[in-house]
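# An overview of the molecular structure
One-letter residues, chain by chain:
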Amino acid sequence: KMDSAEDKFCLREVLVSFKSCLLNDDKDVLVEHYLTGWKGLVRFMNTLGTVFSFVSKDAVTKIQIMENYLKGDNGERYRTLRSMVEYELSGNLVDLTKRSSHPDSGCRTLLRLHRALRWLQLFLEKLRTSSEDSKTSTLCSEAYNDSLANYHPWLIRKTASVAFFALPTRNTFFEVMNVGSPDVVVEMLGEALPYVSKVYDFTQELYVQRNLLDLP
Ligand code: 1Q0
């Protein structure tokens, strides 16, 4: 019963990355583990089919940008979100009003992932509390409209809403998560989602404090 859950991809491990990226009593976030979580989510998304590859492509690009900073000469400054924000702002490395000399700053790149994390949080919470006959396309588009859609132009919103109809059923979703029976999935989500929320809330607070929520 437990055999395949070990080597095959499991959503629990992905969500655990979001637990392990919390530092200092939830007052900072380790970038490396944050990106590990995202890479797991992308892997999951790729199992949903090619319709979603336009979504995962952009996420992959942004993960790559962040990994390059981590691997670069100033990698140590990018170890945590707090130190990244401090470093980039004090060095004038962030385009604040218009993309120009620093179009791919860590701060603006991470903001895109942060907004997407809000979608994920809402979607998984809806899945967790949904009834068996709920339509995933509805849950997904509600979550999207309450989060990411507010930052996307019409064409992307349109494309996304079409793609949502290609989503598998709630039961298939739960199977792909590879966690166990629906009951176990619901329980796992209940345990893991608070960590996603903590990561989201910390980042949000940090970006509010430094007035970074509207970076171009
Ligand atoms: C599972 C279904 C996935 C549905 C994802 C909803 C979002 C769809 C729309 C996204 C379109 C992205 C195209 C590119 C957008 C960029 O313009 C935008 C802004 O960046 P920039 O550089 O132009 O300023 N980029 C973003 O907004 C970042 C978007 C990243 C999308 C990441 C989507 C979230 C992935 C989640 C993993 C799915 C795992 C599901 C787990 C559920 C388990 C059952």
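Heads up: these notes are all about the structure in this document. (Residues numbered from 1 in each chain as written. Predicted model: local features only at pLDDT ≥ 70, side-chain atom pairs only at ≥ 80, totals over all residues. Heavy atoms only, no water.)

### What to know about the overall build of the chain
Which entries qualify depends on this criterion: Segments assigned H or I by DSSP are reported as helices when at least four residues long, segments assigned E as strands when at least two residues long, and all are numbered from the N terminus. Using C-alpha atoms as the atom set, the radius of gyration is obtained and then compared with a globule rule of 2.2 Å times the number of residues to the power 0.38. Using the Shrake-Rupley algorithm and a 1.4 Å probe, accessible areas are obtained, with residue cover drawn only from the displayed protein chains.
Counting its secondary structure elements, the chain contains 10 helices and 2 strands. When the helices and strands of the chain are listed from N to C terminus, the series reads α-α-β-β-α-α-α-α-α-α-α-α. For 216 residues, the compact-globule estimate of 2.2 N^0.38 gives 17 Å, and the C-alpha radius of gyration of the chain, at 17 Å, lies within 12% of that figure. Counting only C-alpha atoms and orienting by the principal axes, one finds that the chain spans roughly 50 × 40 × 25 Å. As displayed, the chain has an accessible area near 11,500 Å², and 51% of this comes from carbon and sulfur atoms.

### Quick notes on the packing of helix 2 (residues 11–20) against helix 10 (residues 182–209)
Quick note on the threshold: Interaxial angle, 0 to 180 degrees, is taken between N-to-C directions of lines fitted to C-alpha atoms, where a helix line uses only the stretch in contact. These descriptions rest on fixed angle ranges, namely under 35 degrees for roughly parallel, over 145 for roughly antiparallel, 65 to 115 for roughly perpendicular, and the rest for oblique. Note on convention: the crossing is left-handed when the near helix lies turned anticlockwise from the far helix by less than a right angle, right-handed when the turn is clockwise. Every residue pair with non-hydrogen atoms within 4.5 Å of one another is taken to be in contact. Three classes are used, and their members are as follows: Ala, Val, Leu, Ile, Met, Phe, Trp, Tyr, Cys and Pro are nonpolar, Asp, Glu, Lys and Arg are charged, and the others, Gly among them, are polar.
Remark: helix 2 packs on helix 10, axes separated minimally by 8 Å, with the N-to-C direction vectors making an angle of 25°. It follows from the interaxial angle that helix 2 and helix 10 lie roughly parallel. Crossing geometry of helix 2 relative to helix 10 is assigned as left-handed. Every residue of helix 10 that contacts helix 2 at L11, R12, L15, F18 and K19 is listed here: V184, M188, L189, A192, Y195, V196 and V199. The residue inventory of the contact of helix 2 with helix 10, partitioned by class, reads 10 nonpolar, no polar and 2 charged.

### Description of the packing of aromatic side chains
Put simply, the rule reads: The pairing test for Phe, Tyr and Trp rings, Trp by its six-membered ring, is centres within 6.5 Å, and the orientation test on the planes gives stacked under 30 degrees, edge-to-face over 60, and tilted for anything in between. Partly exposed residues are those whose accessible area sits between 20% and 50% of the maximum for their type, while under 20% is buried and over 50% is exposed, using a 1.4 Å probe and protein chains only.
Going through the model one piece at a time under the given rule, you end up with 7 aromatic pairs. Centre to centre, the rings of Y78 and Y87 are 5.7 Å apart; their planes meet at 75°, and the pair counts as edge-to-face. Just as Y78 is buried, Y87 falls in that class too. Note on Y144 and F164: the rings are 5.5 Å apart at their centroids and 75° apart in plane angle, and the pair reads as edge-to-face.

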